[in-house]
Amino acid sequence: MSDVRDKALDAFLGLIAEKGYADVALRDVAQAAGLGFADLYRVYSDKTALAAAFMARIDAEVMAGTPSALDLEETPRDRLFDVMMRRYDALRPYRAALRALRRAGTRDPILSIAMGPGLRRSMAAMLEAASVPSDGVPGALRQNGLLAIHYAVSRVFDRDDTQDLSKTMAALDNRLKTAERWAQLFDKYVNLPDAGLPAAAPVSPEA
């Protein structure tokens, strides 16, 4: 079953990179993957499920690179930087598919709404990978804040042609430093310990 899922997801990502999200039908994915339509439908009932599986694949790749032991000399910002850069490294082979999803999200509000919970789960996973709590009210603020950062940095990543993603690294570092300053100010006036990254994010399929 895992092989079927991977074949279908790879076919989907290749097709939307080539044709765009709106011009790819579920039957096209089945044909490109060499699967019967019923076999595909058993694992992915629509394109939104495939897009969600793409996010889950990226999450899993990031988690696979997470150290088992916490480096006590690293700050939460340092750890978040490392986690998010692993995410951009994992996304690198799929940039064309990511652009297709982003364009589709700006034209299809239903897709954006459907992808929203998955994106927040991904950001929660990134926070946890960096040993930053993602639960409760402070955690919700952190999730929204990190999603806002990811939304902005993804624009830089999309155009970053450097071999080491140095432009993406600079943009991420700058955004995280700004968020850290806001968090410190927020903690000073609001009784929420370690409230984390403030600011709400526009919802867009940014994997």
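Just so we're clear, the structure is a prediction, and the values are computed from it rather than from any experiment.

A. Representation of the side chain of Asp160. Following the sequence through the fold, Asp160 ends up in the loop between helix 8 (136-159) and helix 9 (166-189). Here Asp160 sits buried without a salt bridge, and the closest side chain of opposite charge, Lys167, lies 5.2 Å off (N-O distance). Here the side chain of Asp160 touches Thr162 through a polar contact of 2.5 Å, side chain to side chain. Those residues in contact with Asp160 that sit more than four places away from it in its chain are Arg95, Leu165, Ser166, Lys167 and Thr168.

B. Expanded view of the packing of helix 1 (residues 2-19) against helix 4 (residues 47-64). Where helix 1 contacts helix 4, the two axes come as close as 10 Å, and the packing angle between them is 100 degrees. Taken together, the axes of helix 1 and helix 4 lie roughly perpendicular to each other. Between helix 1 and helix 4, the residues in contact are Asp6, Ala8, Leu9, Asp10, Phe12 and Leu13 and Lys47, Leu50, Ala51, Ala53, Phe54 and Arg57, respectively. In the contact of helix 1 with helix 4, the residues fall into eight nonpolar, no polar and four charged.

C. Up close: the confidence of the model for the protein chain. Looking at the protein chain as a whole, its pLDDT mean stands at 88, while 88% of the residues score no less than 70. Mean pLDDT values over the elements of the protein chain span from 83, in helix 9, up to 97, in helix 2 (residues 26-33). Predicted confidence is poor over residues 198-203, with pLDDT under 50, and the contacts of this stretch with residues over four places away or in other chains come to 19 contacts.

D. Main features of the pattern of salt bridges. This model, assessed by the stated rule, comprises ten salt bridges. With a shortest N-O distance of 3.2 Å, Arg102 and Asp158 are connected by a salt bridge. Note that Arg102 is positioned in helix 6 (residues 95-107) and Asp158 in helix 8, a separation of 56 residues in sequence. Judged by its relative accessible area of 18%, Asp158 is buried. What emerges from the salt-bridge pattern is a single network uniting Arg77, Asp173, Lys177 and Glu180.

E. Broad picture of the environment of Tyr88. Turning to its location among the elements, Tyr88 is positioned in helix 5 (residues 76-91). When the C-alpha positions of Tyr88 and Met169 are compared, they lie 9.4 Å apart, and in sequence the two are 81 residues distant. In contact with Tyr88, not counting residues within four places along its chain, are His150, Val153, Ser154, Phe157, Leu165, Thr168 and Leu172.

F. Summary view of the side chain of Ser112. Examined against the element boundaries, Ser112 turns out to sit in helix 7 (residues 109-129). Within the structure, Ser112 has its side chain in polar contact with the backbone oxygen of Gly105 (distance 2.8 Å).

What counts and how
Residues numbered from 1 in each chain as written. Predicted model: local features only at pLDDT ≥ 70, side-chain atom pairs only at ≥ 80, totals over all residues. Heavy atoms only, no water. Helix = DSSP H or I, 4+ residues; strand = E, 2+ residues; numbered from the N terminus. Buried < 20%, exposed > 50% of the residue type's maximum accessible area, 1.4 Å probe, protein only. Lys, Arg positive; Asp, Glu negative; His and termini not counted. Salt bridge = Lys/Arg side-chain N within 4 Å of Asp/Glu carboxyl O. Polar contact = N/O pair within 3.5 Å; in protein donor to acceptor, adjacent residues only side chain to side chain. Contact = heavy atoms within 4.5 Å. Axes fitted to C-alpha atoms, helices over the stretch in contact; angles between N-to-C directions. Parallel < 35°, antiparallel > 145°, perpendicular 65-115°, else oblique. Nonpolar A, V, L, I, M, F, W, Y, C, P; charged D, E, K, R; others polar. pLDDT = per-residue confidence, 0-100.

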